[in-house]
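Spelled out, the chains give:
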Amino acid sequence: MKVLVIGGAGYIGSHVSRMFLDRGYSVTVYDNLYSGCRENIFPEAKFVKADILDYSTLEITMKGGFDALIHLAALKAAGESMSIPEKYALNNISGTINILNAASITGVKIIVFSSSAAVYGEPEYIPLDEDHPTNPENFYGFTKLEIERLLEWYDRLKGIKYAALRYFNAAGYDPEGRIRGLEKNPQNLIPVIMEVATGKREKLQIFGDDYPTEDGTGVRDYIHVTDLADAHIKALEYIHSHKESLILNLGSETGLSVLEVLETARKVSGKPIPAEVTKRRPGDPARLVASAVKAKGVLGWNPRYSDPGSLLSTTWKIYGSSG
């Protein structure tokens with residue numbers, strides 16, 4: 001099968017592309033390299049350097065006869081989305097409309113979309129399942145939810161089947177060490193910890209230690225990026241076989257606190273990793289943990305690398321050798 005991976009040079013996209021190649025798919029990566037790395041594009045894959053706002057290039061590319069496309073292209077800094085919503089509306093929503101219109105015209109009938117747990121907002125109960133109300137607390141989460149609604153309409157009107165995969169916290173690196181390009185300006189906890197461990201940052205800021213959790217720090221559900229990549233393939237194959245659209249959570253179903261992640265990183269790296277507690281960030285819930293029962297039941301998907309040791313050791317393997 002021929003697959004177009006839009007955003008395939010990024011952190012998650014490169015892992016998705018690698019796994020599709022490993023499984024024998026023909027892969028074309030479409031990426032503007034704004035946050036992606038050329039280093040993460042594999043020689044076995046074709047590459048189109050272009051933006052999703054460039055509709056004509058999208059349409060020309062999709063005329064290559066793809067069986068499916070994977071849509072990972074998005075701006076994702078939640079804080080920035082609240083101060084510059086115009087940028088996120090244009091890139092995430094308008095860019096997706098271009099993708100959907102080009103898919104409609106060129107006959108691509110399967111889309112696997114990287115959605116986000118940010119569509120849920122403040123949790124009303126834990127663990128969060130797919131029936132939890134969707135009430136995003138930031139504009140980034142709003143764009144992801146709007147894209148899911150667009151996908152539903154294009155399914156109804158154009159017969160484009162989709163999987164909206166609601167990621168929790170993606171982390172880790174390819175266990176075989178084949179993906180070496182580091183995230184640019186990372187915002188997430190684990191890469192920030194790694195930048196402290198390698199001396200790129202002075203110390204880790206812990207945003208609040210007075211939450212109603214076991215150690216007072218925020219608890220999140222971390223899912224290894226290789227497990228995410230596996231879910232993309234399983235979702236595509238499910239839609240191909242069943243001709244049904246899907247909305248699925250992807251998480252480990254295990255919560256790790258900031259301090260638990262930090263202590264694991266110290267053990268794995270052998271570095272002191274200095275940290276200081278600062279005030280809470282507005283809108284940060286105390287605990288976010290997924291229910292992935294649906295993904296496991298429908299896709300037969302089971303995370304294999306999402307334990308704390310694997311998450312941190314595969315990341316340190318890349319960061320520790322990058323200097």
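These lines cover the structure that appears in this document, whether it is placed above or below. Only a predicted model underlies this, so the values are computations on that prediction, with no experimental measurement involved.

Considerations on the packing of helix H6 (residues 189–197) against helix H8 (residues 258–269)
For any two helices packed against each other, one specifies the inter-axial angle together with the distance between the axes.
(1) Moving on: Direction vectors running N to C along H6 and H8 enclose 40 degrees, while the axes themselves pass 11 Å from each other. Considering their axes alone, H6 and H8 lie oblique with respect to each other. Judged by the twist between their axes, the crossing of H6 over H8 is right-handed. Note on element contacts: H8 touches H6 through Val258, Val261, Leu262 and Ala265, opposite Leu189, Ile190, Ile193 and Met194.
(2) Moving on: Its residues assigned to classes, the contact of H6 with H8 comprises eight nonpolar, no polar and no charged.

Section: the pairing of strand S2 (residues 26–31)
(1) Moving on: The element S2 is largely enclosed, with a buried count of five among its six residues.
(2) Moving on: Sheet topology places strand S1 (residues 2–6) next to S2; five bridges connect them, and they run parallel. For Ile6, the partnering residue across the bridge sits in S2 and is Tyr30.
(3) Moving on: For the crossover that starts at S1, traverses helix H1 (residues 11–22) and ends in the parallel S2, the hand is right-handed.
(4) Moving on: Alignment of S2 against strand S3 (residues 46–49), held across four bridges, turns out to be parallel. Bridging from a neighbouring strand, Val29 pairs with Phe47 of S3.

Side note on the layout of surface pockets
(1) Moving on: Here the second largest pocket defines a volume of roughly 250 Å³.
(2) Moving on: Lining the second largest pocket are 19 residues, and of these Met19, Arg23, Thr226, Arg304 and Tyr305 lie nearest its centre.
(3) Moving on: The set of elements that each furnish at least two residues to the lining of the second largest pocket consists of H1 and helix H7 (225–242).
(4) Moving on: Ranked by residues supplied to the lining of the second largest pocket, first place goes to H7 with six residues.
(5) Moving on: Its residues assigned to classes, the lining of the second largest pocket shows six nonpolar, three polar and ten charged.

With respect to the side chain of Ser252
(1) Moving on: Tracing the sequence through the fold places Ser252 in the loop between strand S10 (246–250) and strand S11 (255–257).
(2) Moving on: Since its relative accessible area comes to 14%, Ser252 is described here as buried.
(3) Moving on: Only 3.3 Å separates the side chain of Ser252 from the backbone oxygen of Tyr222, close enough to count as a polar contact.
(4) Moving on: Here the side chain of Ser252 touches Thr254 through a polar contact of 3.2 Å, landing on its backbone nitrogen.
(5) Moving on: The contact partners of Ser252, leaving out residues within four places of it in the chain, are Asp221, Tyr222, Ile223 and Ser306.

The rules behind the values
- Residues numbered from 1 in each chain as written.
- Predicted model: local features only at pLDDT ≥ 70, side-chain atom pairs only at ≥ 80, totals over all residues.
- Heavy atoms only, no water.
- Axes fitted to C-alpha atoms, helices over the stretch in contact; angles between N-to-C directions.
- Helix = DSSP H or I, 4+ residues; strand = E, 2+ residues; numbered from the N terminus.
- Parallel < 35°, antiparallel > 145°, perpendicular 65-115°, else oblique.
- Left-handed = near helix turned anticlockwise from the far one by under 90°.
- Contact = heavy atoms within 4.5 Å.
- Nonpolar A, V, L, I, M, F, W, Y, C, P; charged D, E, K, R; others polar.
- Buried < 20%, exposed > 50% of the residue type's maximum accessible area, 1.4 Å probe, protein only.
- Pairing = 2+ DSSP bridges.
- Right-handed = clockwise from strand over helix to strand, strands pointing away.
- 1 Å grid on protein atoms, 1.4 Å probe; cavity = no way out; pocket = protein on both sides within 12 Å on 5 of 7 lines; lining within 4 Å.
- Points joined across faces, edges and corners; volume = space filled by probe spheres on them.
- Polar contact = N/O pair within 3.5 Å; in protein donor to acceptor, adjacent residues only side chain to side chain.

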